[in-house]
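# Summary of the model geometry
Each chain is listed here by its residues.
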Amino acid sequence: MTTASPAVAARKGATLGWLRRLGTPKVIIIVVVAGLIGYLALVPLYYLIWGTFFDANGFTLGGFARAYGDPRVGDMIGNSLWFAVGAAVLSLCVGTALAYLNVRTDVPFKGLFFAASIIPLIIPGILYTIAWIFLASPDIGLLNKVVEPIFGPGFFDIFTVWGMVWVEGLHLSPIVFLLMVAAFRSMDPSLEESALMSGASRWQVFRRVTMPLTRPAIVAAVLIMVVRSLESFEVPALLGLQNGIYVFTSRIYFVLRSYPPDLAAAGALAVGLLVLALIGVTISNLVGRSGKTYQTVTGKGFRPRPMELGKWRPVMGGAIVLYFFLTVVGPLLVLLYTSLLKFYQAPSAAAFASMSLDNYRQLFDMSDAMTALKNSLALGLGSATLVMILMAVGAWIVVRSRIPGRQLVDHFSFVPLVIPGLVLGLALSFVYLRSPVPIYGTIFILLIAYCTRYMPYGMRYAVTSMHQISAELEESAQVSGASWWQTFRRVLLPLLSPGLLAGWIYILVVSFRELSSSILLYSPGNEVLSILIFEQYENGQFTVLAALGVVMVLTLAVLVVIAYKLGAKVGLRQD
């Protein structure tokens, strides 16, 4: 009988020890989470590129030839850029002006700024667009009925590129407002005060001091809005297609809805849109790095005296009220008004006399509406929960671990940020139409789409929170004998909970109203509220659509209030 040599026994012992370490909960959880992040981010993109450039015969550019060989492709690219740049400029002008008035002047009605910046973010893009159709359609628009005695019929026409720019720009302006408020508040105001004391007028100070100091924030806001407009689907689909005005997203939708659908041509269009989005994000990142040249934050607590508007104060106050009406009151009122009618009509004594709650009763009798509401709630709650659980572990890998290549997890999690929603839906179609796992056509493919689309936001919230927690707390727990999993569950998660809850709330809201990544993936019986609203619009059911929209906005508002209350309690408990 032979016995193993000490060297062989040592090697076996080392191998067994290595296998035991691989089998620990820490290693298993890290590997699974990193693998899921990589899968969600890279696999759809790989299948999109493969399905676009390869067919049964190998490499091909046939999809590009069919997509970009159309003589109208020049108009499509021009419309896309004009729409994106126009909406970005409009949102920048409106949002920057409002932010400056709010931070630097004594403008009245400052209480409206918060509502005007938050409420439009709750209103889904499809409802906002439909509301403006009710307001400014040349055939049924309420505003046209008001000005018809003066300017004649059809004075306002929302179904143009200008109409698309108007709706998208107004809907994005609250985001620019929030960005620019932060920029104006972080500036050193003593620079403006010094310029004023040197004899410069307010306009000269604004043009030569304020604007150059906020230039990085302005350029970044423009590029972000351009990318957001390029990937917008609701506005081009509802306003542009009626008059044959195509942009990238609406053209992709049209190609896939044609028979037979040309997946390769749609993929070629998606790749073109993805390249434009990547260029915008790259420029935004470069500008963000160069923004350090303009840093002016100091340790001084000095705040400037608000500029007195004088005789312009009532004018600016009126402009604030008008903006609040255009972005909040008008769209919500027209939805509520339409939801109470038997059929859509201009306001009149007869119209008000015919108002009833019949459309809401019909909603509760519609099995599709209840199913869509349940699906939206399930997908919102499910995607928010799954994303934040995955990103909590992902943030630990990026911030706390010393694993080689850990930054790749961070980079992979942000890949979906540059993939427009419609492109993501198309990419997932490429994946699961070829997959042996029967996911395509079920609600689970929508859950995968939402988790992928909002993974970057979850990572941002989790990483930010992780950076705020000292590593000493984990070290103390481990010195006391706690395992990695016990430390993560009992120490880190409770401390991370305020940031994780904030990310959970955001993902819940945006996924509840998601349309662009759902429109190519849903199947009958798996509709969500935004899809049902889109179908009702296509079928001309305007009054039922409006009632469904009111219910959707109220549901979102209730969810936000409940989540805010929970967040406040968590924050108090953490304090």
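Bear in mind that the values here come from a model prediction, so they are computed numbers and not experimental data.

About the thresholds
Residues numbered from 1 in each chain as written. Predicted model: local features only at pLDDT ≥ 70, side-chain atom pairs only at ≥ 80, totals over all residues. Heavy atoms only, no water. Helix = DSSP H or I, 4+ residues; strand = E, 2+ residues; numbered from the N terminus. Buried < 20%, exposed > 50% of the residue type's maximum accessible area, 1.4 Å probe, protein only. Phe/Tyr/Trp six-rings, centres within 6.5 Å; stacked < 30°, edge-to-face > 60°. Salt bridge = Lys/Arg side-chain N within 4 Å of Asp/Glu carboxyl O. Core = buried A, V, L, I, M, F, W, Y, C linked by side-chain atoms within 4.5 Å. Contact = heavy atoms within 4.5 Å. Expected span 1.5 Å × (residues − 1). Axes fitted to C-alpha atoms, helices over the stretch in contact; angles between N-to-C directions. Parallel < 35°, antiparallel > 145°, perpendicular 65-115°, else oblique. Nonpolar A, V, L, I, M, F, W, Y, C, P; charged D, E, K, R; others polar.

With that settled, consider the overall build of the protein. Counting secondary structure elements, the protein contains 25 helices and two strands. The buried share among the 575 residues of the protein stands at 51%.

According to the stated counting rule, one finds 22 aromatic pairs in the structure shown. Taken together, a centroid distance of 5.6 Å and an interplanar angle of 90° make the contact between Tyr46 and Tyr47 edge-to-face. A residue is classified by how much of its surface remains accessible, and Tyr47, at 30% relative accessible area, is partly exposed. Ring geometry for Phe155 against Phe156: centres 5.0 Å apart, planes inclined by 80°, an arrangement best described as edge-to-face.

Turning our attention to helix H13 (residues 248-257). H13 sits mainly inside the fold: eight of its 10 residues count as buried. Those residues of H13 that sit buried are Phe248, Thr249, Ser250, Arg251, Ile252, Tyr253, Val255 and Leu256.

What follows concerns the pattern of salt bridges. Per the stated rule, a full pass over the model turns up six salt bridges. Put simply, Arg66 and Asp262 hold a salt bridge, and the shortest N to O gap is 2.6 Å. Pair noted here: Arg66 is in helix H3 (residues 62-68) and Asp262 is in the loop between H13 and helix H14 (263-290), with a separation of 196 residues, a long-range link. A salt bridge links Asp70 to Arg251; the nearest nitrogen and oxygen atoms lie 3.2 Å apart. Taken as a pair, Asp70 in the loop between H3 and helix H4 (73-104) and Arg251 in helix H13 lie far apart in primary sequence, 181 residues in all.

With that settled, consider the nonpolar core. Trp132, Ile252, Leu426, Ile519 and Phe534 are the most contacted members of the largest nonpolar core, which totals 169 residues. Element by element, the count of residues in this core is highest for helix H18 (residues 367-399), at 15 residues. Beyond its immediate sequence surroundings of up to four residues, Ile519 is in contact with Phe233, Tyr253, Arg257, Leu422, Ile531 and Phe534.

What follows covers helix H11 (residues 215-230). Counted at 1.5 Å a residue, the expected span for H11 with its 16 residues is 22 Å, and the 22 Å between its end C-alpha atoms agrees. Residues of H11 that are buried: Pro216, Ile218, Ala220, Ala221, Leu223, Met225, Val226, Val227, Ser229 and Leu230.

Next up on the list: the packing of helix H2 (residues 25-53) against H18. In contact at an axis separation of 10 Å, H2 and H18 are set at 105° when each is read in the N-to-C sense. The angle between H2 and H18 falls in the class roughly perpendicular. Counting all contacts with H2, which are made through Lys26, Ile29, Ile30, Val33, Ala34, Leu36 and Ile37, the residues of H18 involved are Leu390, Met391, Val393, Gly394, Trp396 and Ile397. Per-class residue counts for the contact of H2 with H18 are 11 nonpolar, one polar and one charged.

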